[in-house]
Amino acid sequence: MYTVETLIDWYRGHAADLRAAREEQRELLAQRPMRPKLDDIEAEIAYLTVRALRPRVVVEIGTYHGWSTSWLLRALRDNGDGVLHSYDRIGAAAGNLPDELTRTRWRFTRGDVRAADLPADPGFVLLDARHTAGFARWYTAGLLERLRPGVAVAVHDVFHGRRPWPGSEGAVLLRWLRGKGLAYLTASRRGDPDLHDHLLSVKRRLRMSAPVHRHSCDPMLFFGTAGLRA
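Residues numbered from 1 in each chain as written. Predicted model: local features only at pLDDT ≥ 70, side-chain atom pairs only at ≥ 80, totals over all residues. Heavy atoms only, no water.

### As for the overall build of the protein
A count of helical and extended segments in the protein gives eight helices and seven strands. Whereas a compact globule of 230 residues would reach a radius of gyration of roughly 17 Å, the protein reaches 16 Å, a difference of no more than 12%. Taken along the three principal axes of its C-alpha coordinates, the protein extends 40 × 40 × 30 Å. Split into buried and exposed, the 230 residues of the protein put 54% on the buried side. Within the protein, contacts between residues separated by at least 24 positions form 80% of all contacts whose residues are at least 6 apart in sequence. (Helix = DSSP H or I, 4+ residues; strand = E, 2+ residues; numbered from the N terminus. Rg over C-alpha atoms; globule rule 2.2 N^0.38 Å. Buried < 20%, exposed > 50% of the residue type's maximum accessible area, 1.4 Å probe, protein only. Contact = heavy atoms within 4.5 Å.)

### Brief notes about the packing of helix 1 (residues 4–13) against helix 3 (residues 40–53)
At a closest axis distance of 10 Å, the pairing of helix 1 and helix 3 adopts a crossing angle of 80°. Classified by the angle between their axes, helix 1 and helix 3 sit roughly perpendicular to one another. Every residue of helix 3 that contacts helix 1 at Leu 7, Trp 10 and Tyr 11 is listed here: Ile 41, Glu 44, Ile 45, Leu 48, Thr 49, Ala 52 and Leu 53. The residue inventory of the contact of helix 1 with helix 3, partitioned by class, reads eight nonpolar, one polar and one charged. (Axes fitted to C-alpha atoms, helices over the stretch in contact; angles between N-to-C directions. Parallel < 35°, antiparallel > 145°, perpendicular 65-115°, else oblique. Nonpolar A, V, L, I, M, F, W, Y, C, P; charged D, E, K, R; others polar.)

### Digging into the packing of helix 3 against helix 4 (residues 67–79)
Helix packing geometry: the angle between the two helix axes and the distance between the axes. Following both chains from N to C, one finds helix 3 and helix 4 inclined at 30°, their axes separated by 9 Å at the closest point. With respect to helix 4, the element helix 3 is oriented roughly parallel. Crossing geometry of helix 3 relative to helix 4 is assigned as right-handed. Residues Ala 43, Glu 44, Ala 46, Tyr 47, Val 50 and Arg 51 of helix 3 form the contact with helix 4, whose own contacting residues are Trp 71, Leu 72, Arg 74, Ala 75, Leu 76, Asp 78 and Asn 79. Considered class by class, the residues forming the contact of helix 3 with helix 4 number eight nonpolar, one polar and four charged. (Left-handed = near helix turned anticlockwise from the far one by under 90°.)

### Looking at the sheet that holds strand 1 (residues 57–61)
Whether parallel or antiparallel, the strands of a sheet pair through hydrogen bonds between backbone atoms. The seven strands are arranged 3-2-1-4-5-7-6 in an open sheet whose pairing can be described as mixed. The strands lining the two open edges of the sheet, one partner per strand, are strand 3 (106–110) and strand 6 (184–185). Here helix 7 (residues 169–180) sits on the sheet in contact with strand 5 (152–155), strand 6 and strand 7 (221–224), set at roughly 25° to strand 7. (Pairing = 2+ DSSP bridges.)

### Examining unusual backbone geometry
In this model, Tyr 64 sits at a positive phi of 50°, which is unusual for a non-glycine residue. With respect to the helices and strands, Tyr 64 occurs in the loop between strand 1 and helix 4. The phi angle at Arg 207 is positive, at roughly 65°, despite the residue not being glycine. Relative to the helices and strands, Arg 207 resides in the loop between helix 8 (193–205) and strand 7.

### Notes on the packing of aromatic side chains
Summed over the entire model, instances satisfying the criterion amount to eight aromatic pairs. Here Tyr 47 and Trp 71 contribute two aromatic rings whose centre-to-centre distance is 5.9 Å and whose plane-to-plane angle is 75°, an arrangement assigned as edge-to-face. Of this pair, Tyr 47 sits in helix 3 while Trp 71 sits in helix 4, placing them 24 residues apart in sequence. Members of the aromatic cluster, connected to one another through ring pairs, are Tyr 2, Trp 10 and Phe 222. (Phe/Tyr/Trp six-rings, centres within 6.5 Å; stacked < 30°, edge-to-face > 60°.)

Below you can see the structure in the form of structure tokens.
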């Protein structure tokens, strides 16, 4: 699902809409106290995943102030279809998101996601919540194991260095991926600097080199759940 060639095709195929979404996000950030945690490339890959795969249901675990939420909602809006189900212990995102994005496409549940009823068949899952090994053990066994084949998954805060820290959420996730024989992709400048630089060059050619914001942490990991569930 996630290869270098696929990402470049997505960037090229959705370039016009992505440029427009970037400008909207830049304007939103100027108006609201969003405190973005996703780097531009991470957010763009999440947006492009939704655009390319056209999932009817997207699940986001961890909204913080709503930056990733707004990107996902723009992708669903640009597709003209789909609903985002978001979960967080705090409700700060709700006050930062434009009504035109949330009115028909957003379902927010406040509280511990481990006690929530999650949608049965999401097409894309973004995880950016409690970054502990224990939480990673919960979502690998309690969520990822139940996904049908072909679901796209993004997990933040994995590659703060060349490799995940021992005993971290990322270490638990990578061990689980190895056990399932699943490949992953990261555009982190520390996890895969070559891919990171390559995507920056693609963005320059597509007139997307100016940053939406200057957050410098980009540890997200992406993979597909091929063959997990019969």
